[in-house]
Amino acid sequence: KKKKKKKIKKKKHSNWKKMAVKNERRKGKKVSDMKKTKKMVVNVHATSVNANNISRNDLVAWINDLLGLQYAKVENLCTAAAYCQVMDYLFPGCIPMKRVKFNAKLEYEFIENFKYLQSAFKKVKVDKVIPVERLVKGRFQDNFEFAQWFKLFFDANDSGREYDAAGRRAGKKVSAHTNTTNSRVAKKEAVPHQTRTPASKSASTTAGKRVAKTHKTTSATKASTTPSTTSATTAAQSAKIMALETEVKDQQNTIDTLQQSVSKLQLELDALVKERDFYFSKLRDIEILCQDDDASALNVPDVLEIMYKTEEGFIQPEEDGVNTQ
């Protein structure tokens, strides 16, 4: 009887293992990847002592050497594609490499890559919170601080194994892209040479003609000093000079008015971008709350707290008959 019981237990255990392998294969995972992702993660915390000695050039060189990329600056990391592949190097199987957008050029594609990175952090139990809303903007300081932490995390978990970066990308092209809508550096590099529009060309030609005219008038006034010239010609030339001066003043007033309107529109645009980021961060918080394991028992007060949470400098509009507290 004892032998029969042992045989039944062994069969149940082997059947359970087979079922687990089948389920994981249905999800598209390999058994070897399942075993490798069980590696214990070492969490790190970046401080002013251990992160200040990592420069931007060191970070770019490290990413390029490890993954065989050609990034030129830290802002290129805003696509999150490099972070996903580094996680694939450290913990094989935690990132769906076929879904990572290495040629991402738009902000929503950056967010998709960061979702894969967040899910990988959750799988291997990394306690770092990823500031997705700030990183996808492509600003230097946010990406530099997160890259410094990621380098420390890599050094703490690196096993020194061989890794075929190009093979894992399966021939996908990698673009060293930045978010040109928010990065000042990207704006400067996106327009390396100032192009001249037809309006600017016409303005420059008219200005050249005016200078030529003034030069002619001055030469004419010099010639009028000779005894052969009459006072009538000098009066006509001075009248032309006065007319040109008044025209220049009018054009300058027009330029000042246009500059004021441009600055006003820029302020309105900045306010709209800030408001958009504010509400987008609320949606991201609610999405993260819904992605938790106990999302079936979603707490309504938590959602309301996220919806009515305000930031410094944000004035919530008052509505009649609505209690926002």
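Described below are features of the structure shown in this document. For clarity, every value in this text was computed on a predicted model and none was experimentally measured. (Residues numbered from 1 in each chain as written. Predicted model: local features only at pLDDT ≥ 70, side-chain atom pairs only at ≥ 80, totals over all residues. Heavy atoms only, no water.)

On to the overall build of the chain, then. Across its full length, the chain holds 13 helices and zero strands. From first element to last, N terminus to C terminus, the chain shows the α and β order α-α-α-α-α-α-α-α-α-α-α-α-α. Taking contacts inside the chain between residues at least 6 apart in sequence as the whole, the part at least 24 apart equals 69%. Summed over its atoms, the accessible surface of the chain is roughly 22900 Å², and 56% of this surface lies on carbon and sulfur atoms. (Helix = DSSP H or I, 4+ residues; strand = E, 2+ residues; numbered from the N terminus. Contact = heavy atoms within 4.5 Å. Areas by Shrake-Rupley, 256 points an atom, 1.4 Å probe, with all protein chains shown as cover.)

Mapped onto the elements of the fold, Asn-143 is located in helix 8 (residues 140-157). Apart from the residues within four sequence positions on either side, Asn-143 is in contact with Val-74, Leu-77, Cys-78, Tyr-83, Leu-135 and Gly-138.

In this section: unusual backbone geometry. A positive phi is found at Ala-80, a non-glycine position, where the angle reads about 70°. Of note, Ala-80 is situated in the loop between helix 4 (56-67) and helix 5 (81-90). By relative accessible area, Ala-80 is classed as buried at 0%. Positive phi outside glycine occurs at Lys-125, with the angle close to 65°. Mapped onto the elements, Lys-125 comes out in the loop between helix 6 (107-124) and helix 7 (132-135). By relative accessible area, which is 66% here, Lys-125 ends up exposed. (Buried < 20%, exposed > 50% of the residue type's maximum accessible area, 1.4 Å probe, protein only.)

So, on to the packing of helix 4 against helix 8. At a minimum axis separation of 10 Å, helix 4 and helix 8 run at an interaxial angle of 60°. Taken as axis vectors, helix 4 and helix 8 run oblique relative to one another. Considering only the axes of helix 4 and helix 8, their crossing is left-handed. Only Phe-140, Phe-144, Ala-147, Gln-148, Phe-150, Lys-151 and Phe-154 of helix 8 make contact with helix 4, whose side of the interface consists of Arg-56, Leu-59, Trp-62 and Leu-66. (Axes fitted to C-alpha atoms, helices over the stretch in contact; angles between N-to-C directions. Parallel < 35°, antiparallel > 145°, perpendicular 65-115°, else oblique. Left-handed = near helix turned anticlockwise from the far one by under 90°.)

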